[in-house]
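# Descriptive analysis of the structure
Chain by chain, the residues:
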Amino acid sequence: AHNRGYNSEYFVQGDALATLNALADRLEGRMTVDAALLADVKKARLEAGGMVDSTLGAYVALKNGVAAQAGKDLWWVRDITLSNSMWGNRAPMLDNPRAGVHALGGGIGQGLAMAIGTSIADKEHALNRKTVALVGDGGFMLNVGELACAVQEKANLVMLVMNDSCYGVIKNIQDDIYGSRHCYVDLHTPDFAQFCASLKVTHFRLGEPAQTKDVLEKAFAATGPVVVEVDMKAWGPFAAKFAGPILKKD
């Protein structure tokens, strides 16, 4: 975006493929790359990954478990939720420019509907990727009726429902800025196992990190819509608190 973040001395705008090929032609035989660059990039990548993991506490097991189970054949759908801010936007590794599906406008509650659409599109075009959606219990409840649509349309997807019985990000913001005066953040949610049973949706409860591999294997092996409920009260808090974008407080 020309001159958006800083003034540009020189700006090239064009079709990405044509522009990059043209630049490559002009640079061929003229480039000198620092021999240490590749090692530096690899080192920075490892440090960045370690920094993310250091904030997650027990949830490293879930992040790594999803990556191990899903592999590269994945459509990764995320709602606006605490877990997405902590790790969903950074993992697992994606190998397709359309493999990550996310509400960039910041609207909460779209995850389930987006996952249904993604799953149906995958089947329609025989792409053979698994649709996995990361949602919070609050966002899930905003459009929970869509789960009936998922059953009706036989959408092949796994919903990771991060259940902490609250709007986690907003609660953290209230802790950070308003002296832990909480207002409208605690949620009354259903018994998800009973709710899923009423719609004939496969449900798994993930009560502790040690169960991650076994539960995810079963969830990914199942067909149709599957809900994996992660009991965040049993898992405990993240090692760091995400309270929204950094704000100047003085």
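Residues numbered from 1 in each chain as written. Predicted model: local features only at pLDDT ≥ 70, side-chain atom pairs only at ≥ 80, totals over all residues. Heavy atoms only, no water.

### Describing the packing of helix α3 (residues 60–70) against helix α10 (residues 212–221)
Close contact between α3 and α10 brings their axes to 10 Å; oriented N to C, the two are set at 40°. Judged by the inter-axis angle, α3 sits oblique to α10. In the crossing of α3 with α10, the sense of the turn from one axis to the other is right-handed. Here A61, L62, G65, V66, Q69 and A70 of α3 come into contact with α10, specifically with T212, L216, E217 and F220. (Axes fitted to C-alpha atoms, helices over the stretch in contact; angles between N-to-C directions. Helix = DSSP H or I, 4+ residues; strand = E, 2+ residues; numbered from the N terminus. Parallel < 35°, antiparallel > 145°, perpendicular 65-115°, else oblique. Left-handed = near helix turned anticlockwise from the far one by under 90°. Contact = heavy atoms within 4.5 Å.)

### Structural notes on the environment of D79
The residue D79 is located in the loop between β1 (74–78) and α4 (82–88) in this model. Here D79 falls in the buried class, since its relative accessible area comes to 1%. Linking D79 and V135, residues 56 residues apart in sequence, is a C-alpha distance of 5.1 Å. (Buried < 20%, exposed > 50% of the residue type's maximum accessible area, 1.4 Å probe, protein only.)

### Observations regarding the nonpolar core
Core analysis: the biggest nonpolar cluster contains 31 residues, and W87, L160 and V228 have the highest contact counts within it. Residues within four places of V228 in sequence aside, it is in contact with V158, M159, L160, V161, F204, L206, V215 and A219. Within the second largest apolar cluster, 21 residues are counted, among which are A133, F140, M159 and V227. (Core = buried A, V, L, I, M, F, W, Y, C linked by side-chain atoms within 4.5 Å.)

### Some remarks on a nonpolar patch on the surface
On the surface, a nonpolar cluster with roughly 660 Å² of combined accessible area is contributed by L20, L23, L27, M31, V33, L37 and V41. When contributions to the nonpolar patch are tallied by element, the ones reaching two or more residues are α1 (16–27) and α2 (37–54). Tallying contributions element by element places α1 first for the nonpolar patch, with 3 residues. With respect to the secondary-structure elements, L37 resides in helix α2. What makes L37 partly exposed here is its relative accessible area of 44%. (Patch = residues over 30% accessible without salt bridge, like charges linked within 9 Å, V, L, I, M, F, W, Y side chains within 5 Å. Areas by Shrake-Rupley, 256 points an atom, 1.4 Å probe, with all protein chains shown as cover. Salt bridge = Lys/Arg side-chain N within 4 Å of Asp/Glu carboxyl O.)

### Quick word on the packing of aromatic side chains
Across all of its chains, the model carries 4 aromatic pairs by this definition. Geometrically, the ring pair formed by Y59 and F238 is tilted, given 4.4 Å between the ring centres and 35° between the ring planes. Highlighted residues: Y59 in the loop between α2 and α3 and F238 in the segment after α11 (232–235), separated in sequence by 179 residues. Comparing Y59 with F238, the two get one shared label, buried. Between F140 and F192, the aromatic rings sit 5.8 Å apart at their centres with planes inclined by 55°, giving tilted as the arrangement. (Phe/Tyr/Trp six-rings, centres within 6.5 Å; stacked < 30°, edge-to-face > 60°.)

### Considering the pairing of strand β5 (residues 202–206)
Sheet topology note: the β5/strand β6 (residues 225–231) ladder contains 5 bridges and is parallel. In the strand pairing of β6, H203 is matched with V227. (Pairing = 2+ DSSP bridges.)

### Observations regarding the pattern of salt bridges
Taken as a whole, this structure holds 8 salt bridges when the rule is applied. Residues R205 and D231 are paired through a salt bridge, measuring 2.5 Å at the closest nitrogen-oxygen approach. Of this pair, R205 sits in strand β5 while D231 sits in strand β6, and the two are 26 residues apart along the sequence. For D231, a relative accessible area of 16% corresponds to the buried category.

### As for the pairing of β6
Within β6, 7 of the 7 residues are buried, leaving the element largely enclosed by the surrounding structure. Burial along β6 is two-sided: P225, V227, E229 and D231 and V226, V228 and V230, pointing in opposite directions, are all buried. Taken together, the 7 bridges between strand β4 (residues 157–163) and β6 define a ladder with parallel strand orientation. Within β6, the position partnered with M162 by the bridge is V230.

### Some words on unusual backbone geometry
The linkage connecting A91 with the following residue, P92, adopts the cis geometry, with an omega of 0°. The backbone of N128 sits at a positive phi, close to 60°, despite the residue not being glycine. Inspection of the secondary structure puts N128 in the loop between α5 (111–124) and β3 (130–136). Its relative accessible area of 64% is what places N128 among the exposed residues. In this model, S165 sits at a positive phi of 55°, which is unusual for a non-glycine residue. Mapped onto the elements of the fold, S165 is located in the loop between β4 and α8 (168–177). Among the residues examined, S165 registers a relative accessible area of 18% and is labelled buried.

All we've got here are geometric facts, nothing functional implied.
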